[in-house]
Amino acid sequence: MDLGLKGKSVIVMAASKGLGKATAEQFAKEGANVVVSSRNEEDLKVVVAEITESTSNDNVTYKTCDVTNPNDIKELVQFAADKYGTVDVLVNNAGGPPAGGFENFDDAAWQNAFELNLLSFVRAIREVLPYMQKQKSGHIINFTSSSIKQTLDNLILSNTFRAGVVGLAKSLSQELAKDNILINTIGPGRIDTERVRHLDSIRADKLGVSYEEIKSSTEASIPMGRYGLPEEFAKQAVFLCSSANTYVTGQTLLVDGGLVKAL
Ligand SMILES: NC(=O)c1ccc[n+]([C@@H]2O[C@H](COP(=O)([O-])OP(=O)(O)OC[C@H]3O[C@@H](n4cnc5c(N)ncnc54)[C@H](OP(=O)(O)O)[C@@H]3O)[C@@H](O)[C@H]2O)c1
């Protein structure tokens, strides 16, 4: 199948590691022009070098952007549009909020998580829309969590704001379809990244067991019997943002090896 991504201008937020990085690499493999972003410039330089090497695509570049900073987002989108002519695809992603339950967080923590995991998505969408509306096409994908279908213990901030992203995307799918802009949301279950290793370590400490015990008991709860690979997640994101997807919008897709049983 031709995904029609050659020469398309793609922005991937929070892409120095994990799911963002894997997604940028898959877009690059398809011949897209990719801008990767996150806060640490040194990490981004390494990512660009690695992706260029693994895909032989020279049109991969970086721009630093803290997604909680509206000016950084504006500058990132302007940079991509100046470099590659427009923006065809926006991948909304951010670091995860801290783990914890209701009693652990004050107003400042709630505000920070709102800015990181919901308002940043709103702001990035606002910046790319003029390009997509002008050309009457575009794809937006939001990275969230399997908690959009089934809440996760000890992750109340994530559970709350990921649900907000789903509401945002469904509403926008109604408003943007007339301009042929498709927006979807994708939720990882347990994909093997630094974030998941960090959360597993927190759980291991809390329960007084080893990291390996936590990992193998979690794997046993996944019908596929293992954590997913970042590229397994990334391929679904890339498909939804490709020219092969012309009619799926406002949807949520879990990439979770069968973990979540909710319909
Ligand atoms: N992996 C999973 O199975 C899983 C499951 C459920 C939900 N999620 C969620 O999916 C998202 C990505 O997960 P991951 O596993 O890829 O995480 P990860 O391996 O920890 O990578 C997070 C990325 O986000 C960037 N980042 C963090 N804060 C940022 C900010 N303020 N502005 C810009 N970039 C920022 C980091 O780079 P810098 O630090 O250099 O900025 C890094 O590139 C997270 O929100 C995570 O909670 C993942």
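Residues numbered from 1 in each chain as written. Predicted model: local features only at pLDDT ≥ 70, side-chain atom pairs only at ≥ 80, totals over all residues. Heavy atoms only, no water.

Caption draft 1: Region of the structure containing the pairing of strand β4 (residues 89-92). On β4, burial covers both faces: V89 and V91 on one face and L90 and N92 on the other are all buried. Direction of pairing for β4 relative to strand β5 (residues 138-143): parallel, over a ladder of 4 bridges. In the sheet register, L90 faces β5, and the bridge partner there is I140. As a crossover connection, the stretch from β4 through helix α4 (residues 107-135) into β5 is right-handed. (Buried < 20%, exposed > 50% of the residue type's maximum accessible area, 1.4 Å probe, protein only. Helix = DSSP H or I, 4+ residues; strand = E, 2+ residues; numbered from the N terminus. Pairing = 2+ DSSP bridges. Right-handed = clockwise from strand over helix to strand, strands pointing away.)

Caption draft 2: Quick peek at the nonpolar core. In this structure, I11, M13, L90, V128 and I140 are the most contacted members of the largest nonpolar core, which totals 33 residues. Elements supplying a minimum of two residues to this core: α3 (70-84), α4, α5 (156-176) and β6 (181-188). Here this core takes 10 residues from α4, the largest share from any one element. Residues within four places of I11 in sequence aside, it is in contact with V35, L76, V77, A80, V87, V89, L90, V91 and V128. By size, the runner-up hydrophobic cluster in this structure holds 29 residues, among which are F27, A32, V47 and V238. (Core = buried A, V, L, I, M, F, W, Y, C linked by side-chain atoms within 4.5 Å. Contact = heavy atoms within 4.5 Å.)

Caption draft 3: Highlighting the packing of aromatic side chains. Counted under the stated rule, the structure contains 4 aromatic pairs. Here F114 and F161 contribute two aromatic rings whose centre-to-centre distance is 6.1 Å and whose plane-to-plane angle is 45°, an arrangement assigned as tilted. With F114 in helix α4 and F161 in helix α5, the pair connects residues that are 47 residues apart, well separated along the chain. The exposure class of F161 is buried, given its relative accessible area of 11%. The rings of F102, W110, F114 and F161 are connected pair by pair, giving a single aromatic cluster. It is K215 that lies over the ring of Y227; its NZ or CZ is 5.2 Å from the centre. (Phe/Tyr/Trp six-rings, centres within 6.5 Å; stacked < 30°, edge-to-face > 60°. Lys NZ or Arg CZ within 6 Å of the ring centre and 35° of its normal.)

Caption draft 4: Highlighting the site of the ligand. The environment of the ligand is formed by 28 residues, the closest being S16, L19, A94, I191 and T193. The separation between an oxygen atom of the ligand and a polar main-chain atom of A94 is 2.7 Å. In the model, an oxygen atom of the ligand is placed 2.8 Å from a nitrogen or oxygen of the R162 side chain. Isolated, the ligand exposes 890 Å² of accessible area, and the fraction of that covered by the protein chains is 92%. Listing elements by their share of the shell around the ligand, those giving two or more residues are α1 (18-29) and α6 (194-207). Counting residues per element, the shell around the ligand draws most heavily on α6, which supplies 3 residues. A class-by-class count of the residues in the shell around the ligand yields 10 nonpolar, 11 polar and 7 charged. (Near = heavy atom within 4 Å. Polar contact = N/O pair within 3.5 Å; in protein donor to acceptor, adjacent residues only side chain to side chain. Areas by Shrake-Rupley, 256 points an atom, 1.4 Å probe, with all protein chains shown as cover. Nonpolar A, V, L, I, M, F, W, Y, C, P; charged D, E, K, R; others polar.)

Caption draft 5: Examining the side chain of T55 more closely. Positionally, T55 belongs in helix α2 (residues 41-55). T55 gets classed as buried once you look at its relative accessible area, which sits at 15%. At 2.6 Å, the side chain of T55 and the backbone oxygen of I51 are in polar contact. In contact with T55, not counting residues within four places along its chain, are E25, A28 and K29.

Caption draft 6: Seen up close, the sheet that holds strand β3 (residues 60-62). Sheet architecture is open: 7 strands sit in the order β3-β2-β1-β4-β5-β6-β7, paired in parallel fashion. Only two strands of the sheet have a single neighbouring strand rather than two, namely β3 and β7 (252-255). Sheet twist, expressed as the mean angle between neighbouring strand axes with direction ignored, is 20°. Packed on one face of the sheet, α2 meets β2 (33-36) and β3 and runs near 180° to β3. (Axes fitted to C-alpha atoms, helices over the stretch in contact; angles between N-to-C directions.)

Caption draft 7: Structural detail: the packing of α4 against α5. Where α4 contacts α5, the axes come no closer than 9 Å and their chain directions differ by 20°. With respect to α5, the element α4 is oriented roughly parallel. Considering how the two elements wind past one another, α4 and α5 form a crossing that is right-handed. Note on element contacts: α5 touches α4 through I156, L157, T160, F161, R162, G164, V165, L168, L172 and L176, opposite A109, W110, A113, F114, N117, L118, F121, V122, I125, L129 and Q133. Among the residues forming the contact of α4 with α5, the class breakdown is 16 nonpolar, 4 polar and 1 charged. (Parallel < 35°, antiparallel > 145°, perpendicular 65-115°, else oblique. Left-handed = near helix turned anticlockwise from the far one by under 90°.)

Caption draft 8: Region of interest: unusual backbone geometry. Positive phi is not limited to glycine here, since K136 has a value of about 55°. Residue placement: K136 occurs in the loop between α4 and β5. On the basis of relative accessible area, K136 is assigned to the partly exposed category, the value being 47%. The phi dihedral of N180 falls on the positive side, at around 60°, and the residue is not glycine.

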